[in-house]
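Fold and geometry: a report
The primary structure of each chain is shown beneath.
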Amino acid sequence: MSNATAASISPHLSPTVHTFATSDLDPILARSGFSSLSDLLSPFETGVERVQVRTSTFETILVPRFTVRFVERQLPPAFALLTAGAGAGAGPGRARSGTSTSNGGGPTPVLASAGLAHLASAHDGGGPSVPSTPPTPFHLPSQSQRDELFLESLSEEISQRVDGWIAHAQDGELAVRRVKRVKVVAQDEGEPELEVEPEVDEGWKGRSIERLTPWYAAMRDEIFRRREMVEWETFAWPVACLLALSSSHPDPMNALSALTELTSKEKLFAPSSYPPRSGAEEDGRQEWASPEVQRYIVLVHDFGAGGGRDGWEDAQDLHNSIRKTYGSHTALLPIFTASPSAAVPQPRARGATALWDPTGLAAPLSSSTSPSSQPAVPSSPLGLGVSDAGLESVPTEQQDVPTPSPTVKIEKGLELSDEDLKSIRVFLREMVVQSIVPSMERAIQIGNANFVASKRSIGGRLFSAGRKLWGSNASSRAGSPVSASGALVGYNAVKGYYPHLAQESQTRRLADLAFMLGDYKLAADVYDQASKDYKVDRAWRYYSSACRMAGLSALLLHPPSTPLTFNPDTSLEQALLIPPSGGVDLDGLKAMMLYYEAYRLIGDWRAAPIGLVRTAGVSDEVASAILLEQAAIADLHLPLASRRKYGFHMAMAATRYEKSGLKSLSRRCASQAASVYRVEPPPEDPRWSATIAGWGAIRAHLRHGLGRQAYNVGKSDEAVEHFLELLVGADVRGDDDGGEPSWLEDFGLAWEHLGADAPRVVGERNLKLHATIFDAKHAHVRIPQSGEALDKSLTAAAAWADLERDFLQFGFSGPAARRPAKLVKVGSGNEAVVGETFYLELRAQNPLDAPLAIGGLQIETDAEPGTVEIDAPQEIELGPREASRVYVPVRATTFSSFSFTKLSFRFNDLLPSTETLVGRPKRLNATREQLTLATYAPDASLVVTVRSPIPLLAVSFDDLPDTLYAGEVRFASLVVTNTGQVPLSGLRGLCSHPSFALFRQDDQPSVYATSEGVPAPEGTRIPNHLAPNTPFVIPLGSGSSLAPGASVSIPILCRADVQGLHTLCWLFVFQGEDASEHLTSRASHQLEVLASLSIRPFIRPGTSRKSPYTIGVEVTNSSVDAEVVIQQISSVSSRWQCGQLDSMTTTKELGTLQPQQLSNVVLSVAAAPVPAEHQDEVAFSVKKLDALLQGKDVTTSVPGDVTLYTGSFHPNSPRIDATSAPIFTSILQTHTQLRHRSLSDQLPTIDPTLHRHLFPLFNPRSIDLVVFWTIPSTGASGHHHLADIPLGAGVNSLTQVLETAELKAGGLYAESQRERPCTVPVKFYVRNLSTTVSLDFDLILQGSSASGTPPPTKLAYMGLLTHKGHVPPLGVTELVAPLWISRQGTYDVGDWRLEAVMDGTVWSKSVHLFT
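Conventions we followed
Residues numbered from 1 in each chain as written. Predicted model: local features only at pLDDT ≥ 70, side-chain atom pairs only at ≥ 80, totals over all residues. Heavy atoms only, no water. Helix = DSSP H or I, 4+ residues; strand = E, 2+ residues; numbered from the N terminus. Contact = heavy atoms within 4.5 Å. Areas by Shrake-Rupley, 256 points an atom, 1.4 Å probe, with all protein chains shown as cover. Pairing = 2+ DSSP bridges. Axes fitted to C-alpha atoms, helices over the stretch in contact; angles between N-to-C directions. Disulfide = S-S within 2.5 Å. Parallel < 35°, antiparallel > 145°, perpendicular 65-115°, else oblique. Left-handed = near helix turned anticlockwise from the far one by under 90°. 1 Å grid on protein atoms, 1.4 Å probe; cavity = no way out; pocket = protein on both sides within 12 Å on 5 of 7 lines; lining within 4 Å. Points joined across faces, edges and corners; volume = space filled by probe spheres on them. Nonpolar A, V, L, I, M, F, W, Y, C, P; charged D, E, K, R; others polar. pLDDT = per-residue confidence, 0-100. Phe/Tyr/Trp six-rings, centres within 6.5 Å; stacked < 30°, edge-to-face > 60°. Buried < 20%, exposed > 50% of the residue type's maximum accessible area, 1.4 Å probe, protein only. Lys NZ or Arg CZ within 6 Å of the ring centre and 35° of its normal. Salt bridge = Lys/Arg side-chain N within 4 Å of Asp/Glu carboxyl O. Core = buried A, V, L, I, M, F, W, Y, C linked by side-chain atoms within 4.5 Å. Polar contact = N/O pair within 3.5 Å; in protein donor to acceptor, adjacent residues only side chain to side chain.

Considerations on the overall build of the protein
When helices and strands are counted, the protein shows 32 helices and 49 strands. Restricting the contact set of the protein to residue pairs at least 6 apart, pairs at least 24 apart contribute 77%. Accessible surface for the protein amounts to roughly 64900 Å². Of this, 53% is attributable to carbon and sulfur atoms.

In structure tokens, the structure reads:
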């Protein structure tokens, strides 16, 4: 048995003694301020030390401190007749009137506090006559109603005292923070690593619960004091009755006779033994409460009444007479020897009054109280006006009892001496040791014998088995035990109790007696067995109580300071598996608190949090909040403190406290919870962001509540601080509740209340914004003169790099030109021009779910004062969760270099806030020191360098189309303007898509020039190499420069033939006053190319000697929702010309195409005359590739010029001159781009910059077709270009070159071909086409070729070469054979043979397959 744990728990479940005192004791006790004999004895209830008790196994147990509970029973009115008459011969039958000081032992409706007196009126005490006014009908409150009223009164009392507690408990407030656990390596091998926490003083270690939360201690003590007689447990049932009278009683023997009759078995719990309206006549306690009690008589001798020695001798004689008449269970108690009226007054006992100081809610509790200290002394009743027994009260009218004046306060223990206190202790010890404990031991022995006999008997076994099998409802309990008089002794389901004669009731009585005497082993066994019987009988209140007590008994058996080997919380969970009663579960609340105290004493808190939280869910609001607060504290006492659970439970407690009206406790809990979720950035990591902290929702909930409560109590400065904490870690993506619309309004109201003190409060409390509105990583310097539109920039870094490379390589090709080392981009590197306006781009992010106003924006720099002019917007409105870009105009007036350092603004146009513009630095890792130590480079993203004036170029795309049909041709123009302060010269341009946008001259004709009646030219001589993308010189008008503010229009031919979305990038290069500095400006435009016509060519052999080939063209209007007219089909080639077939009509072959309509035309292809000086382009390419494969440098020579021949077919329209300047240039550019793309796809390992030195522009074995079309309804026109349509059979001209390269490479080359072998799975599917017959098959793989042609490359199968299988009707079987591949090439997968067997017949099929 755990003596320490039991010593703290058992006093709250101690034996109860009912006290019956005659009214002559009332004035005697009242002289010293005592209301009853129980009030006098209350401080000594726990003073019986070192009591030996015997268990059911006859083992002696020493109880360090034995506790009894005295409950004053109010005598019925009829009892006053005996003492009032004081005549001889007055017997018990005449005792019909009288009263006592207080009631006990049962529920009463007389409610003295909490405004509940309306439930019952006071008894008028009018004697035997019938009152003139009929009494008010009374109905006893139900058990659940009484529990609710008690908790309401308890909550009210706690509310009244909470402010005083808070004032004395400030040192007990916790400061729990999130702690990073560290791993500790195990000392011994094989042991796991442990996670430990650094030692931090958070205010809870080494401090008791009573000091941290005195309101919990007060609630616990009051709940433990409340002991009401109920059916399902017997702790409040009396084990003894104390009969008391004074030695000065006029008829003591007759009074004792009446008291003895009053406490007899027949009348102890009879309604006649209680005052009217006590409830005893309604609750049926005479049926369910056991009247087997021990009687003990005490004769009180008052030395304060005078009489001296003679009076004492008379008292001794009277006591001897009582002992002879009633036996040895009597005592003589001399008291009040310190009374001034005593014959020989004794000195007053020092500190006597302190013994009766209330320790409950009526006075402050000591902060040093601990669970192991002496249990609290019962005090004045609480809640329902009950006495120490529970729902019992002092009547409102006392008859024949002199009471002191209500204006005179009598000090308790005024007439007690040290001898009196000693006499009281001796009396109590004698009563406990000689009477109460032996009677309880005797009852346990008898009860245990009956319990064992009932379980071992045949009838008991059959009855128990029958109840387990068939239950115990009314229909199945027809044979329930009955008494000799025929009364039912089983469970009465209608009234909800067992009669006290029932075995189940006696079993519970046995378990409770064993528990009170410390025999927890017997108690646990009997509770467990009783709970099973109660469950079968569906006696749910009995079952729930027995489950809880069984678990508590097991807890008290566990030694302290030892981890629990079982989970006692299961007993509390089992107790909840009952049908809901609809009221508060005060028994469950009391049981949970008893368990909690046991957990604390044992030192194992693991089961405490879950039990406290579960009980809090079904408790009153104040009690629920207190339990949640205890659950949070228990979280800290776990083997590994759970701080996040602590914070969560504290937040729940704060919410419950707020709902119940305890604002101060709500603020306290919320503040302690908020400290757990406080976001504190690590000072050593500049990359840390509050958005990574997490737990934003719970922080917002806590801080918002704290802010509102602080504002309501007039603490506006604290409210503002809490509201600002709501922004800590606010997620800019909007996935937390950090920005509720309501708190922003509360923040504004709190700020307004600060008034003129706002600046002082901001400085003293260091109020600042905990969220970033203007994130530095999104701040950029924008130089609008750089040519990139601030809101339309769609450029790609790779495109700009290619354009600059091409410009440097091909833009300075003249003999006198000096190629610069690099091009200078205007505005690159945050380079601004003095006197020109540039912009600081900021990204304003509203972290709230409400509109936000930003006012008074100011930007600060490190420049000299007066050298930078900044015009920041003063009013910025942001919608909920809106992110908006803010552009701040900036102008530098002198040459300098400066950076933007920070900005300031007013949050919600109220709170002054400052944010840095220094962005997140970049981590350096170049050296070993930088790798080991966190080293960051300074942020230079907002550093601006101011330089001398230069020309600045602005580009306008207003005339450029945004969409074009594929092949559509349109004239447009770009407008460039010199926005700088100096003239601009040497302007040249380069486009990333030269075939999409061509620079042209103003004097060029229209898009398609016709040549009606003019014969086509014989040929056009052009360079036959792939020309690079060269810059175009842009004329600047009459002069050679563009003056500041002047503009020039650049004509452009736009045509696109690749569908999709394209970004056209232009690079403009120009010069200023410094001719050696080549400045650049960039511009981009987005062009969407839509589908138009689908054209498919096909080649066929010709039928005449002049036309060796014919080419068919199939044109489909697949995507244009309008009529399309095909005007002409032209050919472009260095060897071929197309024309009209001799047999083809000229009226119906070409014409109009409606949407989704198709048209075909077949043209003849004839050879063109080849000039004598013609160069063999194929031989040129073969020679260059041979040198490349041999590792030689590629020479810069290019293929020579070539003559292009054009042919056309235009039966129904004028001939379009395909060689005219704008069209022919577009055709050549398109062909060049398509040729580059084709070569890159076929030869990806060759650098595209070498194409012009390796390959010709036109392939002599191919022909290009150009299909001209127009859309009459829109006026749009264009042409489709089909490039490099091959004619005739091709010849591999590189075979000899490759063989030569392989021979020169030798074994190394051959080995490199075989250095990467792989396996390729070959899948075979065997299908059975029969619908009824299945087949078996053998698949035989053969590695050699069966045909006469040798395989290109031999191979080998891996694994099985013969595969067997079965195929059901209409089934398919899949087989996989891995193939070993050792090098590149074409492989013969070998022969395979399939043999199928069906109905005994063998079919065989062999196949030779090339792959």
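Points about the sheet that holds strand E15 (residues 868–870)
The sheet built from four strands is open, its strands ordered E10-E13-E17-E15 with antiparallel pairing. Single-partner strands in this sheet number two, and they are strand E10 (780–782) and E15. Pairs of neighbouring strands in the sheet enclose a mean axial angle of 30°, with direction left out of account. As judged from the nine bridges shared by strand E13 (residues 837–845) and strand E17 (residues 883–892), these two strands associate in the antiparallel manner. Across the sheet, the residue bridging to Arg843 is Arg885, located in E17.

Observations regarding the state of the cysteines
Applying the stated rule across the entire model yields zero disulfides. The thiol of Cys991 is unpaired, and the distance to the nearest cysteine sulfur, on Cys1065, comes to 7.7 Å.

Side note on the packing of helix H18 (residues 586–602) against helix H19 (residues 608–616)
It is at 10 Å that the axes of H18 and H19 come closest, and there the two elements cross at 165°. One finds that H18 runs roughly antiparallel with respect to H19. In the crossing of H18 with H19, the sense of the turn from one axis to the other is left-handed. Contact residues: H18 offers Gly588, Leu589, Met592, Tyr596 and Tyr599, while H19 offers Ala608, Gly611, Leu612 and Thr615.

Observations concerning empty space enclosed by the protein
Taken as a whole and judged by the stated rule, the model has 11 cavities of 30 Å³ or more. The volume enclosed by the largest cavity comes to roughly 290 Å³. Taken together, 22 residues make up the lining of the largest cavity; nearest its centre are Trp232, Glu233, Leu586, Asp587 and Lys590. Of all the elements in the fold, those that place two or more residues in the lining of the largest cavity are helix H5 (143–168), helix H16 (540–557) and H18. Counting residues per element, the lining of the largest cavity draws most heavily on H18, which supplies six residues. Across the lining of the largest cavity, the residue classes break down as 12 nonpolar, two polar and eight charged.

What to know about the confidence of the model for the protein
For the protein, per-residue confidence averages 77 on the pLDDT scale, and residues scoring 70 or more make up 76% of the total. Within the model, the stretch residues 83–133 combines pLDDT values under 50 with 157 contacts to residues more than four positions away or in other chains. Across residues 1344–1352, where pLDDT falls below 50, the model places 13 contacts with residues more than four positions away in sequence or in other chains.

Structural notes on unusual backbone geometry
Located in the positive-phi region is Asn908, a residue other than glycine, with phi close to 55°. Phi at Leu1370 takes a positive value of approximately 60°, unusual for a residue other than glycine. Position of Leu1370 among the secondary structure elements: in the loop between strand E46 (1362–1367) and strand E47 (1372–1381).

A look at the sheet that holds E47
Ordered by their spatial adjacency, three strands build an open sheet running E43-E47-E45, and the pairing between neighbours is antiparallel. Edge positions in the open sheet fall to strand E43 (1318–1327) and strand E45 (1356–1357), since each of these has one partner strand only. Note: E43 against E47, 10 bridges, orientation antiparallel. When the bridges of E47 are listed, Lys1323 appears paired with Val1376.

A closer look at the packing of aromatic side chains
Using the criterion set out here, one finds 22 aromatic pairs in the structure. When the ring of Tyr216 is compared with that of Tyr596, the centres are 5.7 Å apart and the planes differ by 75°; the resulting orientation is edge-to-face. Residue Tyr216 is found in helix H7 (residues 214–225), and its partner Tyr596 is found in helix H18; the two are separated by 380 residues along the sequence. Taken as a pair, Tyr216 and Tyr596 share a single burial class, namely buried. Looking at Arg31, its charged tip hangs above the ring of Phe336, at a distance of 5.6 Å from the centre. Its guanidinium or amino end placed over the ring of Phe150, Arg226 lies 4.7 Å from that ring's centre, counting from NZ or CZ.

Quick notes on the pattern of salt bridges
If charged atoms from side chains of opposite charge come close, those side chains can pair. Taken as a whole and judged by the stated rule, the model has 46 salt bridges. Arg31 is the salt-bridge partner of Asp302, the closest N and O atoms lying 2.9 Å from each other. Here Asp302, found in strand E8 (residues 294–302), pairs with Arg31, found in the loop between helix H2 (25–30) and helix H3 (37–41); they are 271 residues apart in sequence, far enough to count as distant. For Asp302, a relative accessible area of 6% corresponds to the buried category. Its relative accessible area of 27% is what places Arg31 among the partly exposed residues. Between Asp604 and Arg606 there is a salt bridge whose closest N-O contact spans 2.6 Å. Among the residues examined, Arg606 registers a relative accessible area of 45% and is labelled partly exposed. Shared partners join several salt bridges into a network, and the residues in it are Glu210, Arg220, Asp221, Glu597 and Arg600.

Focus: the packing of H19 against helix H20 (residues 621–636)
Where H19 meets H20, the axes come as close as 8 Å, and the angle between the chain directions of the two elements is 165°. Viewed along their axes, H19 and H20 adopt a mutual orientation that is roughly antiparallel. Along this stretch, H19 crosses H20, giving a crossing that reads as left-handed. Residues Ala608, Pro609, Leu612, Val613, Thr615 and Ala616 of H19 form the contact with H20, whose participating residues are Ser624, Leu627, Leu628, Gln630, Ala631, Ala634 and Asp635.

Considering the nonpolar core
Ranked by internal contacts, the top residues of the largest apolar core, which has 127 residues, are Leu242, Phe427 and Phe515. Excluding anything up to four places from it in sequence, Phe427 contacts Leu41, Leu242, Tyr296, Val298, Ala331 and Leu333. One finds Ala700, Phe747, Val834 and Ile876 within the second-largest nonpolar core, a separate group that totals 56 residues.

Brief notes about the environment of Pro961
Positionally, Pro961 belongs in the loop between strand E23 (953–956) and strand E24 (963–965). The spacing of Pro961 and Cys1054 is 93 residues in sequence and 8.4 Å in space, taken between C-alpha atoms. Apart from residues lying up to four places away in sequence, Pro961 is in contact with Arg970, Ala972, Cys1054, His1085 and Leu1087.

Looking at the side chain of Ser716
Tracing the chain through its elements places Ser716 in helix H24 (residues 716–725). Taking the relative accessible area as the measure of exposure, Ser716 reaches 10% and is therefore buried. Not counting chain neighbours up to four residues away, the residues in contact with Ser716 comprise Ala710, Tyr711, Ala750, His753 and Leu754.

Examining the side chain of Arg220
As for its placement among the helices and strands, Arg220 is situated in helix H7. On the basis of relative accessibility, which here comes to 7%, the residue Arg220 falls in the buried class. In this structure the side chain of Arg220 is engaged in a polar contact, spanning 3.1 Å, whose partner is the side chain of Asp221.

A look at the environment of Phe648
Looking at the element boundaries, Phe648 is found in helix H21 (residues 643–660). Taking the C-alpha atoms as reference points, Phe648 and Ala674, separated by 26 residues in sequence, lie 9.4 Å from one another. Beyond its immediate stretch of four places on either side in the chain, Phe648 contacts Tyr677 and Ile698.

Describing the environment of Pro1108
With respect to the helices and strands, Pro1108 occurs in the loop between strand E34 (1093–1101) and strand E35 (1109–1117). On the basis of relative accessibility, which here comes to 35%, the residue Pro1108 falls in the partly exposed class. As a C-alpha pair, Pro1108 and Ala1167 span 59 residues in sequence and 8.2 Å in three-dimensional space. With near-sequence residues (within four places) excluded, Pro1108 lies in contact with Arg1100, Pro1101, Gly1102, Trp1136, Val1165 and Ala1166.

Brief notes about the pairing of strand E32 (residues 1060–1071)
Where burial is concerned, most of E32 is hidden: nine out of the 12 residues are buried. Inspection of the sheet shows strand E26 (residues 984–991) paired to E32 by five bridges, in the antiparallel sense. Counted as the bridge partner of Cys991 is Trp1066 from E32. In terms of strand pairing, E32 meets strand E33 (residues 1078–1090) through 12 bridges, oriented antiparallel. Paired with Leu1064 across the two strands is His1085, which belongs to E33. Hairpin connection between E32 and E33: a loop of six residues separates the two successive antiparallel strands.

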